[in-house]
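Commentary on secondary and tertiary structure
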Amino acid sequence: METLTYWQAVILGIVEGLTEFLPISSTGHILVTARLLDLPSKKGSAGLEALTGPQDDVVKMVAAFRNRRTLIVDGLNAIEGITCKLPKGAFYVFPNISGTGMKSKAFADYLLQDHGVAALSGTAFGSYGEGYLRLSYANSEENLTKALERLAAAVAGARTLA
């Protein structure tokens, strides 16, 4: 079975969203999209099926990621010294860790080296990211729960380091 690459699917979705602005019929749109993406006809059909076919799996995936997002945000907010707002998109949270008393880069390194939790320092996004981390929740609920437990232990340990 032919599948679309991630970027082909993204571009197809973007172009599909522009159809209300394009003076092209839906059949013409599909041809334009296929040419734009240089899709063989099988992949073009896969893209059309992805847009018009059953959406049950998409609904399940959205629900799973919503649950994971709630799990990580609630878990982070339960840790003293960390606050986290609910993100509206992507698979990442950007918690404020200033209550730990550690700088972002030092805390991210400490999390990885001493507690086995991968996080990106907020300063990777510029100086205004100081006091924040970026964490992904594109993982299982079981692994996210383990990571939250390790993060809570890390914060407790950070208080003795700071």
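Our subject is the structure that appears above.
Residues numbered from 1 in each chain as written. Predicted model: local features only at pLDDT ≥ 70, side-chain atom pairs only at ≥ 80, totals over all residues. Heavy atoms only, no water.

1. With respect to the overall build of the protein
We count it as follows: Each helix corresponds to a stretch of at least 4 residues labelled H or I by DSSP, and each strand to a stretch of at least 2 residues labelled E; elements are numbered beginning at the N terminus. The buried label applies to any residue whose accessible area, calculated with a 1.4 Å probe on protein chains only, is under 20% of its type's maximum; exposed applies above 50%, and partly exposed to all values in between. Should any heavy atoms of two residues lie within 4.5 Å, those residues are counted as being in contact.
Helix and strand counts for the protein stand at six helices and three strands. From first element to last, N terminus to C terminus, the protein shows the α and β order α-α-α-α-β-α-β-β-α. Split into buried and exposed, the 162 residues of the protein put 31% on the buried side. Sequence separation of at least 24 residues holds for 59% of the intrachain contacts in the protein that already meet a minimum separation of 6.

2. Topic: the pattern of salt bridges
Here is the rule we go by: One side-chain nitrogen of Lys or Arg within 4 Å of one carboxyl oxygen of Asp or Glu is enough to make a salt bridge.
This model, assessed by the stated rule, comprises two salt bridges. Salt-bridge contacts for Lys105 lead to Asp109; the nearest nitrogen and oxygen are separated by 2.9 Å. Here Asp109 and Lys105 lie together in helix α5 (residues 104-115), a separation of four residues that amounts to about one turn. The closest approach of N and O atoms between Glu142 and Lys146, which form a salt bridge, is 3.6 Å. In this pair, Glu142 and Lys146 are both assigned in helix α6 (residues 141-161), four residues apart and thus about one turn of the helix distant. The exposure class assigned to Glu142 is exposed, which follows from its relative accessible area of 54%.

3. Comments concerning the side chain of Asn96
The following threshold applies: Polar contact is the term for a pair of N or O atoms within 3.5 Å; when the atoms are in protein, one must be able to donate a hydrogen and the other to accept it, and sequence-neighboring residues count only if both atoms are side-chain atoms.
As for its placement among the helices and strands, Asn96 is situated in the loop between β1 (92-93) and α5. In this structure the side chain of Asn96 is engaged in a polar contact, spanning 2.6 Å, whose partner is the side chain of Ser98. Sequence-distant contacts of Asn96, that is, excluding residues within four places in its chain, are made with Gly81, Ile82, Thr83, Gly131 and Tyr132.

4. Some thoughts on the nonpolar core
Generally speaking, nonpolar side chains in soluble globular proteins are found buried as a group. Put simply, the rule reads: For our purposes a nonpolar core is just a set of buried Ala, Val, Leu, Ile, Met, Phe, Trp, Tyr and Cys residues, chained together by side-chain atoms within 4.5 Å.
Of all hydrophobic cores here, the largest spans 23 residues; its most connected members are Ile72, Leu76, Ile82, Val93, Phe107, Leu111 and Leu151. Elements represented by at least two residues in this core include exactly α4 (56-77), α5, β3 (133-136) and α6. At six residues, α6 tops the list of elements feeding residues into this core. Leave out the neighbours within four places in its chain, and Leu76 touches Ile82, Cys84, Val93, Pro95, Leu135, Leu148 and Leu151.

5. Here we look at α5
Here is the rule we go by: What a helix should span is 1.5 Å times the count of its residues minus one. To obtain the arc, one takes the directions from the helix axis to the C-beta atoms.
Taking 1.5 Å per residue as the helical rise, α5 with its twelve residues ought to reach 16 Å, and the 15 Å between its terminal C-alpha atoms agrees with that figure. Those residues of α5 that sit buried are Ser104, Phe107, Ala108, Tyr110, Leu111 and His115. An end-on view of α5 places all buried positions within 160° of arc, on one side of the element. Turned more than 90 degrees away from the buried face of α5 sit Leu112, Gln113 and Asp114, all of them exposed.

6. A closer look at the packing of aromatic side chains
Put simply, the test is: Each pair of aromatic rings taken from Phe, Tyr and Trp, with Trp reduced to its six-membered ring, is defined by centres within 6.5 Å and is described as stacked if the planes are under 30 degrees apart, edge-to-face if over 60, and tilted in the remaining cases. Any Lys NZ or Arg CZ found within 6 Å of a ring centre and within 35 degrees of that ring's normal is scored as a charge over the ring.
Counted according to the given criterion, the structure contains five aromatic pairs. When the centroid spacing of 4.6 Å and the interplanar angle of 45° are considered together, the rings of Phe65 and Phe91 count as tilted. With a gap of 26 residues between them, Phe65 in helix α4 and Phe91 in the loop between α4 and β1 connect regions that are remote in the sequence. On the basis of relative accessible area, Phe91 is assigned to the partly exposed category, the value being 40%. An angle of 55° between the planes, with centres 6.5 Å apart, marks the rings of Phe65 and Tyr137 as tilted. With Phe65 in helix α4 and Tyr137 in the loop between β3 and α6, this pair connects stretches of sequence that are 72 residues apart. Overall, the relative accessible area of 3% leaves Tyr137 in the buried class. An aromatic cluster of at least three residues, connected via ring pairs, comprises Phe65, Phe91 and Tyr137. Across from the ring centre of Phe65, 4.6 Å away, lies the NZ or CZ of Arg68, which sits over that ring.

In short, geometric facts, not functional conclusions.
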